[in-house]
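In case you want the letters, here they are:
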Amino acid sequence: GPSYGSAGRVPEMLDRMITAGAIAPTVAVMVDSITLDNRQKELAPNEPFTRFIAEELMPMLRARFDLSADPRKAVIAGASRGGQSASFIAMRHPELFGNVIAQSPALWWGPTEADMATHWLARSFESRDRLPIRFYIQMGTLEDAKSMLGTGRHFQKVLRAKGYDVTYREFVGGHTFLSWRAMLPQALTTLLPADERPTTASIEGQHIAVP
């Protein structure tokens, strides 16, 4: 996707980290959301988009690149609205994604007006049995204290209370790709250690990337 690919510099980052032996060899695929309207619609937890990832994109990638079918070797990631979308898709399809990187996830969102600012996604995880998913969540201390930082802190507390494996980090920075680019290597080295051979998928605020 344009944002993770250009501002995020993820292809260069992955090449350098793989060459240095910092992470396992990784395949990255990024899907452009085409328009801002599509981004707003698809990256809010969205059933058609979720089906596209699970039923079209992942089978195609596995066939084309001979990727592992082990969800423990797959990471779905995203920034902002993409961070919430990545968490939602993993919740719906833990058989595909065993790891989530959520960078400043937009957890204030809910599917109806009544659900806005009610920790909708946290409540969705809280109401289910624990799933085999690891989380790496990053939030900026300069982001909005209530709608962003507050919801991120609450989300990780709910996940921990349910027994999830959660790494939670706060960085001194705001809601920008400059911050997310600087923080992404920490998440990658945690979830893609060099002694494994994972498949990664990542959804940015506008796109999806499957490293």
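Residues numbered from 1 in each chain as written. Predicted model: local features only at pLDDT ≥ 70, side-chain atom pairs only at ≥ 80, totals over all residues. Heavy atoms only, no water.

S.K.: Help me out: how do you make sense of the packing of aromatic side chains in this one?
M.R.: Each pair of aromatic rings is reported with the distance of its centres and the angle of its planes. As enumerated under the stated definition, the model contains 10 aromatic pairs in all. Ring geometry for Trp-109 versus Trp-120: centroids 5.8 Å apart, planes at 85°, classification edge-to-face. One end of the pair, Trp-109, is in the loop between β3 (99–103) and α6 (120–126); the other, Trp-120, is in helix α6, with 11 residues separating them in the sequence. On the accessibility criterion, Trp-109 (11% relative accessible area) is buried. Note on Trp-120: relative accessible area 15%, which makes it buried. Between Phe-125 and Phe-155, the aromatic rings sit 5.7 Å apart at their centres with planes inclined by 65°, giving edge-to-face as the arrangement. One end of the pair, Phe-125, is in helix α6; the other, Phe-155, is in helix α7 (residues 145–161), and 30 residues separate them in sequence. Each member of the pair, Phe-125 as well as Phe-155, carries the same accessibility label: buried. (Phe/Tyr/Trp six-rings, centres within 6.5 Å; stacked < 30°, edge-to-face > 60°. Helix = DSSP H or I, 4+ residues; strand = E, 2+ residues; numbered from the N terminus. Buried < 20%, exposed > 50% of the residue type's maximum accessible area, 1.4 Å probe, protein only.)

S.K.: It is not clear to me how the nonpolar core should be interpreted in this structure. Could you clarify?
M.R.: Across soluble globular proteins, nonpolar side chains have a tendency to be buried as a group. Formed by 40 residues in total, the largest nonpolar core has its most connected members in Phe-97, Phe-135, Ile-137 and Phe-155. The element best represented in this core is helix α4 (residues 47–65), accounting for six residues. In this view, Ile-137 contacts Ala-102, Pro-105, Phe-155, Gln-156, Leu-159, Val-166, Thr-167, Tyr-168 and Arg-169; residues no more than four positions away in its chain are not counted. Met-13, Phe-177, Trp-180 and Leu-184 belong to the second-largest nonpolar core, a separate cluster that totals 20 residues. (Core = buried A, V, L, I, M, F, W, Y, C linked by side-chain atoms within 4.5 Å. Contact = heavy atoms within 4.5 Å.)

S.K.: Please explain α7 as it appears in this structure.
M.R.: Three or four residues apart is the spacing at which side chains of an α-helix point the same way, because the helix has 3.6 residues per turn. At Thr-151, α7 shows its maximal kink, close to 30°. Within the span of α7, buried status applies to Met-148, Leu-149, Thr-151, Gly-152, Phe-155, Gln-156, Val-158 and Leu-159. A side-chain oxygen of the first residue of α7 lies 3.1 Å from the backbone nitrogen of Lys-146; this N-cap is Asp-144. (Bend = angle between axes of the 7 residues up to and from the residue. Polar contact = N/O pair within 3.5 Å; in protein donor to acceptor, adjacent residues only side chain to side chain.)

S.K.: What's the story with helix α8 (residues 177–191) in this structure? I'm lost.
M.R.: The terminal C-alpha atoms of α8 lie 20 Å apart, and with 15 residues this matches the ideal 21 Å at 1.5 Å per residue to within 8%. A bend of about 35° at Met-183 is the largest found in α8, and the proline Pro-185 appears one to four places after it. The complete set of buried residues in α8 reads Phe-177, Ser-179, Trp-180, Met-183, Leu-184, Ala-187, Leu-188 and Leu-191. On its buried side, α8 packs onto α1 (2–7), α2 (10–19), β2 (74–79), β3, β4 (134–140) and β5 (165–171). (Expected span 1.5 Å × (residues − 1).)

S.K.: What is the right way to read the pairing of β2 from this model?
M.R.: Across a regular strand the side chains alternate sides, sitting on one face of the sheet and then on the other. With six of six residues buried, β2 lies mostly within the body of the structure. Following the chain from β2 across helix α5 (residues 81–92) to the adjacent parallel β3, one finds a crossover that is right-handed. (Right-handed = clockwise from strand over helix to strand, strands pointing away.)

S.K.: For this particular structure, what's the right way to read the side chain of Asp-115?
M.R.: Here Asp-115 is to be found in the loop between β3 and α6. On the basis of relative accessibility, which here comes to 17%, the residue Asp-115 falls in the buried class. When residues no more than four places from it in sequence are discounted, the contact partners of Asp-115 are Gly-110, Trp-120 and Arg-123.

S.K.: I tried to follow the pattern of salt bridges on my own but got confused; where do I start?
M.R.: For side chains of opposite charge, pairing can occur when their charged atoms come near one another. Overall, the coordinates contain five salt bridges when judged by the stated rule. Between Glu-12 and Arg-16 there is a salt bridge, with the nearest N and O atoms lying 4.0 Å from each other. In this pair, Glu-12 and Arg-16 are both assigned in helix α2, four residues apart and thus about one turn of the helix distant. In this structure Arg-16 comes out as exposed when scored by relative accessible area, which is 53%. (Salt bridge = Lys/Arg side-chain N within 4 Å of Asp/Glu carboxyl O.)

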